[in-house]
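The residues making up each chain are set out below.
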Amino acid sequence: MRFITSLIFVFSLISNAQNNYPQDYFCNPLEIPIVLAGTFAELRTNHFHSGMDIKTQFRTGLRVKASANGYISRIKISHYGYGKALYITHPNGYTTVYGHLLKFSPEIEAFVKKHQHEKESYEVELFPNAESLPVLKDSLIAYSGNTGGSGGPHLHFEIRDKEERPMNPMLFGIDTKDTTIPIIKSIYAYPIDNNSFINKSNSKRKLTLAPLGNGDYTTENIEAIGNIGFGVETIDRQDLAPNSNGVYNIQSFVNGNENFELDFKRFSFAETRYINRLIDYQTYIESNKRIQKLFKINNPLSIIKPIVNNGVLQIKDSTHVVYKIRVSDFKNNSAWVTIHITGKADSTLIAESPKTTPYFINKNQTTNLKEGRVSVDFYKDTFYEDFYIDFEVKNDILKLDEDARATKKNFTITFDMSHYSDEDQSKLYIVRLVGRNKYPSYTSTKRKGHLLIGSTNKLGLYTIATDTVKPTIKASNFKNEQWISDYKYLKLKIDDVGSGISNYRATVNGKWILMEYDYKTKTLTHDFSDGVVTDTKNNLKVIVTDNVGNNSTFEALFYRK
Ligand SMILES: [Zn+2]
């Protein structure tokens, strides 16, 4: 009896050590079972996913409930990002976040609309105090939607700790069924420096994966010498949906000893951009595959636990190494990869000399590059490493290295426009030429005298473009001089070729009306239940402005009673 009691005691110690987070404090914010379209810390563009994406049965308008007692501490409405979002601060210090909402509960909706009308803006950010909007666990706070940068109806749900660091909600028991083993999609081997070789080559090598049938894999044997590392492309699926989601933990072992670990429990927003350092960024830009490197060079990411030599293997002549990778999901379903490495020195292998250009970047210093009418300013800490940058200016086209090199922050590009007439200058903006088709994409541009100053975090090709075309505005669910007494909404389509839409403003009989802009469907929507449109004869006026200041005005009459 005593033996069993102490065993139970030992087991409870172990499970407590693994999880110190309250288990019944937070509840499922939806009234349907949790099925995930996205998991915590899943790899996304320039960031790790900071919450879980809960599927809403391909619908919007599902009831969203407070996950625990607390108060609404922040409300943010934005065209992009989380769209309509609510933040609840809880008495235990955690915050929960609910994103891409369709609309809020009536009480919160009234609070928000009051501020939107005061500010005459759809986009607002509010920080109500603890007394304004208290909420009880399980009470209605909103309806699920698809607003902001959402690719389909779902609820984005986050739990943040006291320091605003997002945490894996599964640690708190917000969970889904998962007996499915993670899938390994590819394995790469990397020579770390110019004196290291894999199969006599100094370039990275994609290994051939051979599934063993039980969810585990092996690869071809490799020969190597010097410092090498490995990378893995992997996804996880849960049981209830076919979505490709992120994994929970990746470990590597050298001859049975752990030497590296990625642990997706928590991260901070300050470090989320270092994802570009974790993944093989060049492969990502070239082929859209996210290979997670199982070695660390200049990367402060807290999810990385470099156990031995930052995960780098030092392969010596005439040795044999068994390297294993273990990929696990939250439920500890694991897939293993085994790689055999033979150390083999070869006197014919010649160290490759690094590429040089006349332009050296010291990552700790500011650098100005200037040629003709174009000038580029990199600030301290723009890059992760020192390197020789490719820099060339021809006919107002700037070639700035390749976009496969990751940056830590924005830098500026300045074009001198003094050779254009004043009128032409006012229509110019900076574009990045994207992809094989060199599609011109607007880059955030400011004007200062004859200078155009662009702010960007991407290397690549840049030039200037002209936008003389005004935005378009079309009524989408009504006609001029129409009676629309029984309409719930007024809808218009707005669009702009070239620099894109910067802002819009709508009035009825001179009074500002709230219109929601959804950039994905290019739609402006007014909800008549706002109660602002009360006259019978209504003169609607909508002004839309693009990013260089071209604007269009749309006017129409409609009647209601
Ligand atoms: Zn999300």
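Values in this document were obtained by computation on a predicted structure and should not be read as measured data.

Quick look at the confidence of the model for the protein now. The pLDDT averaged across the protein works out to 93; a share of 97% of its residues lies at or above 70. Contacts from residues 1-17, a stretch scored under 50 in pLDDT, to residues over four places away or in other chains number 0 contacts.

Our focus in this paragraph is the side chain of H79. Following the sequence through the fold, H79 ends up in the loop between strand 6 (70-77) and strand 7 (84-89). A polar side-chain atom of H79 sits 3.4 Å from a polar atom in the side chain of Y504. When near neighbours in sequence (up to four residues on either side) are disregarded, H79 contacts Y122, E123, G148, Y504, Y517 and Y519.

This part is about the domain arrangement of the protein. A common way to express how large an interface is: the accessible area buried when the components associate. Taken domain by domain, the protein comprises domain 1 (2-172), domain 2 (183-343), domain 3 (360-466) and domain 4 (472-559). Averaged C-alpha coordinates put domain 2 and domain 4 at centres separated by 52 Å.

Picture the strands of a sheet paired through backbone hydrogen bonds; they go either parallel or antiparallel. Reading across the sheet, the 5 strands line up as 40-47-46-42-43 and stay open at both edges, with mixed pairing between neighbours. Looking at strand neighbours, the two that pair on one side only are strand 40 (482-483) and strand 43 (511-512), the edges of this open sheet. The pairing of strand 42 (residues 501-508) with strand 43 spans 2 bridges and is antiparallel. Note on strand 43: the bridge partner recorded for T507 is W512.

Quick look at the environment of D495 now. In this fold, D495 is placed in strand 41 (residues 489-495). The exposure class assigned to D495 is partly exposed, which follows from its relative accessible area of 30%. Considering only alpha carbons, one finds D495 and K474, 21 residues apart in sequence, at a separation of 9.1 Å. When neighbours within four sequence positions are excluded, D495 is seen to be in contact with P471, T472, I501 and K522. Within the local environment of D495, its side chain forms a polar contact with the side chain of K522, the two groups lying 3.3 Å apart.

What follows deals with the packing of aromatic side chains. Tallying each qualifying case throughout the model produces 28 aromatic pairs. Aromatic pair Y248 and F330: ring centres 4.9 Å apart, planes at 80°, arrangement edge-to-face. Pair noted here: Y248 is in the loop between strand 19 (222-235) and strand 20 (249-254) and F330 is in the loop between strand 25 (320-328) and strand 26 (334-343), with a separation of 82 residues, a long-range link. With a relative accessible area of 12%, Y248 lands in the buried category. Among the aromatic residues, ring-to-ring pairing joins Y21, Y25, F26, Y94 and F172 into one connected group. Here R74 stacks its cationic end above the ring of Y87, 4.4 Å away from the centre of that ring. Sitting over the face of the ring of F387, R405 holds its NZ or CZ atom 3.6 Å from the ring centroid.

Conventions we followed
Every residue gets a number counted from 1 within its own chain, in the order that chain's sequence is written. Thresholds applied to this predicted model are a pLDDT of at least 70 for local features of residues and 80 or more for the giving and counting of side-chain atom pairs; totals over whole chains, interfaces and linings are not thresholded and use all residues. Note: side-chain values were computed over all heavy atoms of the structure, leaving out hydrogens and water. pLDDT gives the predictor's per-residue confidence on a scale running from 0 to 100. The contact criterion used is simple: two residues touch if any of their non-hydrogen atoms lie within 4.5 Å. A helix here means a DSSP run of H or I that spans at least four residues, while a strand means a run of E at least two residues long, and both kinds are numbered starting from the N terminus. Each polar contact in these results corresponds to two N or O atoms within 3.5 Å; when the atoms are within protein, one needs to be able to donate a hydrogen and the other to accept it, and residues that are neighboring in sequence are counted only if both atoms are side-chain atoms. As used throughout, domain bounds are those supplied by an automatic or database domain assignment. Paired strands, in this sense, are two strands between which DSSP finds at least two bridges. Working definition: with a 1.4 Å probe on protein chains only, accessible area under 20% of the residue-type maximum means buried, over 50% means exposed, and in between means partly exposed. Stacked, tilted and edge-to-face pairs are distinguished by plane angle, under 30 degrees for stacked and over 60 for edge-to-face with tilted covering the rest, among Phe, Tyr and Trp rings (Trp via its six-membered ring) whose centres lie within 6.5 Å. Note on geometry: a ring has a charge over it if NZ (lysine) or CZ (arginine) is within 6 Å of the ring centre and within 35 degrees of the ring normal.

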